[in-house]
Amino acid sequence: MCLLFSAPPAAACFKANPEIDYTIFRESDLILRAWVVAYEKRPAGQNAVFRFEVLKTLSGEIAAREVKAEWRNSTFGEPDTWIEPKEVIVGLKAEIGRNGLATISVVQQPCGPVSILEYSWQNLARVMQGIGNQK
């Protein structure tokens, strides 16, 4: 009986949202148009890692030409390899990782589809509308 009440809550999604909510990009400290340089799926319980080459800053400021970011996909749908898209729109935020150190993470909608979007004018317009910035 004690185990029933002391177990940590499950991280799995009971119902996944099939459509992206573009307002999730409001959580971003930085929104980039970027090229996926590298992707590494890590063992269960660890976040996948992306390396992005910055092509253009859409929101926020960054001086780096390359950014390494962790990705926690709550639907457990991380692909083994990242093939497409290569040119993406991605929202990033600074946060404290599990190890207590600062890290950069990909903004991801809980129980939702991948929020690393193929770069297109349509996706750019949806993201800008989602953050309330009409450009």
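Residues numbered from 1 in each chain as written. Predicted model: local features only at pLDDT ≥ 70, side-chain atom pairs only at ≥ 80, totals over all residues. Heavy atoms only, no water.

Before going further, it helps to spend a moment on unusual backbone geometry. For the bond running from glutamate 84 to proline 85, omega is -5 degrees, close enough to zero to count as cis. Here cysteine 111, not a glycine, exhibits a phi torsion of approximately 55 degrees, which is positive.

Another point: the environment of serine 105. Here serine 105 shows up in strand β5 (residues 102-106). Classification of serine 105 as buried rests on a relative accessible area of 4%. Counting along the chain gives 33 residues from serine 105 to arginine 72, while the straight-line C-alpha distance between them is 7.8 Å. Not counting chain neighbours up to four residues away, the residues in contact with serine 105 comprise Ala69, Glu70, Gly91, Leu92, Lys93 and Glu95. (Helix = DSSP H or I, 4+ residues; strand = E, 2+ residues; numbered from the N terminus. Buried < 20%, exposed > 50% of the residue type's maximum accessible area, 1.4 Å probe, protein only. Contact = heavy atoms within 4.5 Å.)

Time to look at a nonpolar patch on the surface. Taken together, the side chains of Trp35, Val37 and Leu55 make up a nonpolar region of the molecular surface, amounting to roughly 240 Å² of accessible area. Relative to the assigned elements, leucine 55 resides in strand β2 (residues 48-59). The partly exposed category is assigned to leucine 55, whose relative accessible area is 40%. (Patch = residues over 30% accessible without salt bridge, like charges linked within 9 Å, V, L, I, M, F, W, Y side chains within 5 Å. Areas by Shrake-Rupley, 256 points an atom, 1.4 Å probe, with all protein chains shown as cover. Salt bridge = Lys/Arg side-chain N within 4 Å of Asp/Glu carboxyl O.)

So, on to the confidence of the model for the protein chain. Averaged over all residues, the pLDDT of the protein chain equals 84, while 83% of them reach at least 70. Scored below 50 in pLDDT, residues 1-10 shows zero contacts in the model against residues more than four places distant or in partner chains. (pLDDT = per-residue confidence, 0-100.)

Examined bridge by bridge, strand β1 (residues 30-40) and strand β4 (residues 87-96) share six bridges and lie antiparallel to one another. Bridge pairing links alanine 34 to valine 88 in β4. Pairing analysis gives nine bridges linking β1 to β2, with the strands arranged antiparallel. From the neighbouring strand, isoleucine 31 faces β2, where its bridge partner is serine 59. (Pairing = 2+ DSSP bridges.)

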